[in-house]
Amino acid sequence: MKKSSLTKLINAPYILWSAIFIVVPLIIVAYFSFTDKNGNFSLENIYEIPDYGGIFLRSIIYAFVATAITLVISYPFAYFMTKAKVRTQSMMIMLVMLPMWMNLLIRTYSWTTILEKTGIINSFFGLFGLGPYNLIGTSGAVIVGMVYNYLPYMILPIYTSMSKIDKSLVEAAEDLGSSGFDKLKKVILPLTLPGVISGITMVFVPSVSTFYIADKLGSTKTLMIGDMIQKKFDINVYSGIGAALSLVLMVLILICIVFMNRFSDNDDGGIIV
Amino acid sequence: MSNQKNILELKNITVSFDGEKVLDDISLSISDKEFVTLLGPSGCGKTTTLRIIAGFLEPDSGDVFFDGKIINSLPANKRNVNTIFQRYALFPHLNVYDNIAFGLKVKKVPKDEIKQRVEEMLKLVNLEGFEKRSIAKLSGGQQQRVAIARAVINKPKILLLDEPLAALDLKLRKDMQVELKNIQRRLGITFIFVTHDQEEALSMSDKVVVMNEGKIQHIGTPKDVYNEPVNAFVADFIGESNIIDGVMLDDFKVKIEGVTLQCLDKGFKTNEAVDVVIRPEDVDIVHPEKGLITGEVTSVTFLGVHFEIIVDVNGFKWMIQTTDESKVGDKVGLLIEPDAIHIMKKSKYSGLYGDYSSFSDEMDEISNPDVEIEDEED
């Protein structure tokens, strides 16, 4: 008995914290979604959501493409990282994490100086009399921005699950006649699946809801749902719609996470809802 | 050496890790259908030898012959050899059936044949009905059986076993020893078995290869290595031994503790200093007057089958196993028959082993802060 009351006492601050900073804001978002400017119950905001279907779809497609590219870059990267010497490995982890120490806004902003008409890439092409190309303000630029910003969140979980693989399992596969791609497909890939799932979740979720990246590197044609929500809240009268959009986005993300978790049978790497 | 029957030959194999020699000029030939054990303490190079045969490691120098062909750099997946790993290394994401079928699926064997052969294997290792079971839900003994099935289903010419019984408890280990031996006979394939357990080596093998410090110390039948060890290391590692300094006076005559004894060994120089091995079970305790050598009992331990008695003879402690009880402090005589004496030439191991005044080396190392105790794996 004594122990359980002590446990309760220790837990109390965390429960209070969660209540104030997680549950209450959720309730406020829901409240704004279902009321009009005068605070009366209304479905007016919800009715407006279909108008934003296109922008939702665009956000999902961008996030999907960005996640796919990060995965394609990260998996081989993590694989070769585990093959390197231990010292080199810790060095590489450092390098992967280094950009994360810098603010996302600065990281994104620096991409504009790389991609703009007078930026680094176009200046380089200029040397050969090419360009300038229209790099900034395109969907490509937005996706590059997302890939760059979220790459570490894909590399690290994959690297972790890959370095945990028992070396003798790989040797067993070789011993049984497997090699090269076959070994990757039959042993390494299934054993790193929890890390892959976790990486996909950690890249897709922030990508789909991101703002600022599309605003800085894209154009009005590449606006994402996160930017739209931000703009709605900027103008007070539209905060109801902003709240309703946030609510829908949350539900979408929740569905994605539940869907992803079905692939990783509650193993380590996976994110538990 | 190049006998047609030799399925595997190692010739002058040397391997170094970080400048340290792990295998030092190993040469070994193994015949078809033979049960060979690589025996030695941890760090002796036995696992490294196995990894070279499996193809996980390439020797720095020397050659590996398989069926008369050099296979030094042939990768593991192309060798007609399969391995049972120390901790089984079963694939955790596959069930029992898929683990066993792994090798055949890689070789693209037709599905019907795979099914039939997996069933045969499950029967062989007594695991019928376990097809769908996940690896995590198997006991150590069951995992061991799956590992055996997964390896032998590929019909390898040689099966390599890396301390496969180390993780099992004593009773199960004994049963598995018998079962492995049966499987080997039934399938008629060569087994190369790595262990640090001398009893396991003696009971299962056709041929024992005793290794230490990256070198082969002795190759012989279990009886050879037990009865005629080549040096003090082998004598001590295989079973218990009293190893006493002696002088070979003449053929069949050796002097120890100031007493001349009859023995069956010959061919040494006159007055050559030698190591004399006398097994604890070969010494009779008699009345002091009837004994060849006399000493005082310093410890008596009851072990069920026999007593283990330590007798102090002029400061050298003998271990004697006998069914007759003695008391600490008793003056006793020791009687040794000529055929109980084995004479060895002096080696670098002389004087290091065979005296029971202290604990085993391992015991001494545990209490010595200067010694870093190595891991079980090489």
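Residues numbered from 1 in each chain as written. Chains lettered and ligands numbered in written order. Predicted model: local features only at pLDDT ≥ 70, side-chain atom pairs only at ≥ 80, totals over all residues. Heavy atoms only, no water.

Participant: Lay out the overall build of chain B with the relevant residues and their values.
Facilitator: A count of helical and extended segments in chain B gives 9 helices and 20 strands. For chain B, the spread of C-alpha atoms along the three principal axes comes to 80 × 45 × 40 Å. With 378 residues in all, chain B has 51% of them scored as buried. Summed over all atoms, the accessible surface of chain B reaches about 18300 Å², with 48% contributed by carbon and sulfur. Across chain B, the centroid of the 45 positively charged side chains sits 10 Å from that of the 63 negatively charged ones. (Helix = DSSP H or I, 4+ residues; strand = E, 2+ residues; numbered from the N terminus. Buried < 20%, exposed > 50% of the residue type's maximum accessible area, 1.4 Å probe, protein only. Areas by Shrake-Rupley, 256 points an atom, 1.4 Å probe, with all protein chains shown as cover. Lys, Arg positive; Asp, Glu negative; His and termini not counted. Charge placed at Lys NZ, Arg CZ, Asp CG, Glu CD.)

Participant: Tell me about the overall build of chain A, residues and numbers included.
Facilitator: Along the backbone of chain A there are 12 helices and 0 strands. Over its C-alpha atoms, taken along the principal directions, chain A stretches across nearly 80 × 70 × 30 Å. The 273 residues of chain A split such that 39% are buried. Long-range contacts, defined as pairs at least 24 residues apart, comprise 68% of the intrachain contacts of chain A with a sequence gap of at least 6. (Contact = heavy atoms within 4.5 Å.)

Participant: Quick one: what's the story with the interface of chain B and chain A, residue by residue and with numbers?
Facilitator: Contacts between chain B and chain A engage 20 residues on the former and 16 residues on the latter. Both faces considered, chain B and chain A share a buried interface measuring about 1600 Å² in area, 63% of it formed by carbon and sulfur atoms. Considering only the surface of chain B that becomes buried against chain A, Asn77(B), His93(B) and Phe102(B) emerge as the three largest contributors, covering 32% of it. For Glu171(A), the salt bridge is made with Arg51(B), and the minimal N-O distance between the two is 2.6 Å. The interface formed by chain B and chain A holds 6 residue pairs in polar contact (both at pLDDT 80 or more) in total. (Buried area = accessible area lost by both parts, 1.4 Å probe. Salt bridge = Lys/Arg side-chain N within 4 Å of Asp/Glu carboxyl O. Polar contact = N/O pair within 3.5 Å; in protein donor to acceptor, adjacent residues only side chain to side chain.)

Participant: So what about the sheet that holds strand E4 (residues 61-66) of chain B? Which residues, and what values?
Facilitator: All names here are of chain B. As summarised here, the arrangement of the 4 strands in space is E2-E1-E4-E5, forming an open sheet in which the pairing is antiparallel. The open sheet has two edge strands, strand E2 (20-31) and strand E5 (69-70), and neither has a second partner. One ladder, built from 2 bridges, connects E4 with E5; its direction is antiparallel. Considered in E5, the bridge of Phe 66 is made with Lys 69. Sheet strands touched by helix H1 (residues 46-54): strand E1 (6-17), E2 and E4. Its angle to E1, the strand with the most contacts, is close to 120°. (Pairing = 2+ DSSP bridges. Axes fitted to C-alpha atoms, helices over the stretch in contact; angles between N-to-C directions.)

Participant: Can you tell me about helix H2 (residues 96-106) of chain B, naming the residues and giving the values?
Facilitator: With respect to burial, H2(B) is a largely interior element, 9 of its 11 residues being buried. All of the buried residues in H2(B) are Val96(B), Tyr97(B), Asn99(B), Ile100(B), Ala101(B), Phe102(B), Gly103(B), Leu104(B) and Val106(B). Elements that come into contact with the buried residues of H2(B) comprise helix H8 (167-175) and helix H9 (180-208) of chain A together with helix H3 (111-124) and helix H4 (140-152) of chain B. A positive backbone phi angle near 60° is found at Lys108(B), which sits one or two residues after H2(B).

Participant: Account for the pairing of E1(B), naming residues and giving values.
Facilitator: Residue and element names in this part refer to chain B. Pairing geometry for E1 and E2, over 8 bridges, is antiparallel. Bridge pairing links Leu 10 to Leu 28 in E2. The turn joining E1 and E2, which pair antiparallel and follow one another in sequence, is formed by 2 residues; a positive phi near 50° is taken by Asp 18. Pairing of E1 with E4 involves 5 bridges; the strand directions are antiparallel. The partner of Glu 9 across the bridge, within E4, is Phe 65.

Participant: Would you mind going over the side chain of Thr192(A) in detail, with residue names and values included?
Facilitator: Residue and element names in this part refer to chain A. Among the structural elements, Thr 192 can be located in helix H9. Judged by relative accessible area, Thr 192 falls into the buried class, the value being 0%. Other than its neighbours up to four places away in sequence, Thr 192 contacts Tyr 75, Ser 161, Met 162 and Ile 165.

Participant: An account of the domain arrangement of chain B is needed here, citing residue identities and associated values.
Facilitator: Residues and elements named next belong to chain B. In terms of domain boundaries, chain B breaks down into domain 1 (6-227) and domain 2 (240-351). Computed from C-alpha atoms alone, the centre-to-centre distance between domain 1 and domain 2 is 39 Å. In this assembly, 6 residues from domain 1 lie in contact with 5 residues from domain 2. Together, the buried faces of domain 1 and domain 2 total about 460 Å²; carbon and sulfur atoms form 27% of this surface. When the buried surface of domain 1 facing domain 2 is broken down by residue, Glu 213, Tyr 226 and Asn 227 rank first, second and third, together holding 73% of it. Our enumeration of links across domain 1 and domain 2 arrives at 1 salt bridge. Of the charged contacts, one joins Glu 213 and Lys 348 as a salt bridge, the two residues approaching to 3.0 Å between their closest N and O atoms. Taken together, the connections running from domain 1 to domain 2 amount to 6 residue pairs in polar contact (both at pLDDT 80 or more). Among the residues making up the side of domain 1 that touches domain 2, the classes are represented as 2 nonpolar, 3 polar and 1 charged. (Domains from an automatic or database assignment. Nonpolar A, V, L, I, M, F, W, Y, C, P; charged D, E, K, R; others polar.)

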